[in-house]
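Chain by chain, the residues run as shown.
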Amino acid sequence: MSSSFQGPFKSTGPEVLNFVITGPPKCGTSALQTALATHPRVVCHAELLAESNAVRRSHHGEQYLTNKIFDNPLSGESFIGVTVLYPHIHAYDLWDYLTCWCQGGDFCLVQVKRNPVACFIALENERRMASGLAYRLDINELISFVRMQLATDAKVARLCGDRLEINYSELV
């Protein structure tokens, strides 16, 4: 490779590859984020868009990611990422924003996939434990969750054909 190869990096400013880790809740995005964040050349933020009401109210998702996260290394890192779960992509309507980043060539989308029924059960177990309430499976909630996850999986695939898919089983 010649030294003029720019790859996914921008030709101006510091050489930084921005990335988003996405997937449904309880699919393993946190495990991947934690593992990547241990590397000295990587900064990988947890779910910033879900952090607090103050952050969500004061920063629109796109502006916050563009102005505060991407291309802004903390300590000279070469790779800057953030976890954005499916519900946050929907809540902040980040589809066009992510499409633009994918088409820009200096961006990587990492999609973590897990059986939607397993995600639903893990999420419901977490909620039950936090609330102390007995768990009762609502089949309509399960069906709705599975349909939404499968539709979002497909939409992410259309959004960025050149993405990395990681299965939950590869993380555990």
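For the structure itself, look to the data block above.
The rules we used
Residues numbered from 1 in each chain as written. Predicted model: local features only at pLDDT ≥ 70, side-chain atom pairs only at ≥ 80, totals over all residues. Heavy atoms only, no water. Salt bridge = Lys/Arg side-chain N within 4 Å of Asp/Glu carboxyl O. Helix = DSSP H or I, 4+ residues; strand = E, 2+ residues; numbered from the N terminus. Buried < 20%, exposed > 50% of the residue type's maximum accessible area, 1.4 Å probe, protein only. Pairing = 2+ DSSP bridges. Phe/Tyr/Trp six-rings, centres within 6.5 Å; stacked < 30°, edge-to-face > 60°. Lys NZ or Arg CZ within 6 Å of the ring centre and 35° of its normal. Axes fitted to C-alpha atoms, helices over the stretch in contact; angles between N-to-C directions. Contact = heavy atoms within 4.5 Å. Nonpolar A, V, L, I, M, F, W, Y, C, P; charged D, E, K, R; others polar.

A.B. asks: Describe in detail the pattern of salt bridges, supporting the description with residues and values.
C.D. replies: Evaluation of the coordinates by the stated rule reveals four salt bridges. With its nearest N and O atoms 2.7 Å apart, the salt bridge here joins lysine 26 to glutamate 126. Taken together, the residues span a long stretch of sequence, with lysine 26 in the loop between strand E1 (17-22) and helix H1 (29-37) and glutamate 126 in helix H6 (residues 116-131) at a distance of 100 residues. A residue is classified by how much of its surface remains accessible, and lysine 26, at 33% relative accessible area, is partly exposed. By relative accessible area, which is 42% here, glutamate 126 ends up partly exposed. Close ionic contact of lysine 113 with glutamate 165 constitutes a salt bridge, the shortest N to O distance being 4.0 Å. Taken together, the residues lysine 113 in strand E4 (residues 107-113) and glutamate 165 in strand E5 (residues 164-167) connect sequence positions 52 residues apart.

A.B. asks: Before we move on, can you summarise the pairing of E1 with the specific residues and values?
C.D. replies: Judged by how many residues are buried, E1 sits mostly within the fold: six of six residues are covered. Judged by which residues are buried, E1 turns out to be covered on both faces: Leu17, Phe19 and Ile21 on one side and Asn18, Val20 and Thr22 on the other are all buried. As paired elements, E1 and strand E3 (residues 79-83) share five bridges and run parallel to each other. The residue bridging phenylalanine 19 from the neighbouring strand is glycine 81, located in E3. Both E1 and E4 contribute to a ladder of five bridges, which runs parallel. Directly across from valine 20, in E4, lies its bridge partner leucine 109.

A.B. asks: Which residues make up the packing of aromatic side chains, and what values go with them?
C.D. replies: Going through the model one piece at a time under the given rule, you end up with three aromatic pairs. For the pair tryptophan 101 and phenylalanine 107, a centre-to-centre distance of 5.7 Å together with 45 degrees between the ring planes defines the contact as tilted. A single burial state applies to tryptophan 101 and to phenylalanine 107, both of which are buried. Among the aromatic residues, those joined into a ring-pair cluster are Tyr97, Trp101 and Phe107. A cation sits over an aromatic face here: arginine 114 above tyrosine 168, 3.9 Å from the ring centre.

A.B. asks: Can you lay out the packing of helix H5 (residues 95-104) against helix H7 (residues 139-159) for me, pointing to particular residues and giving the numbers?
C.D. replies: Two quantities define a packed helix pair, namely the angle between the helix axes and the distance between the axes. It is at 10 Å that the axes of H5 and H7 come closest, and there the two elements cross at 35 degrees. The residues of H7 that touch H5, namely those facing Trp95, Leu98, Thr99 and Cys102, are Thr152, Lys155, Val156 and Leu159. Taken together, the residues of the contact of H5 with H7 break down into five nonpolar, two polar and one charged.

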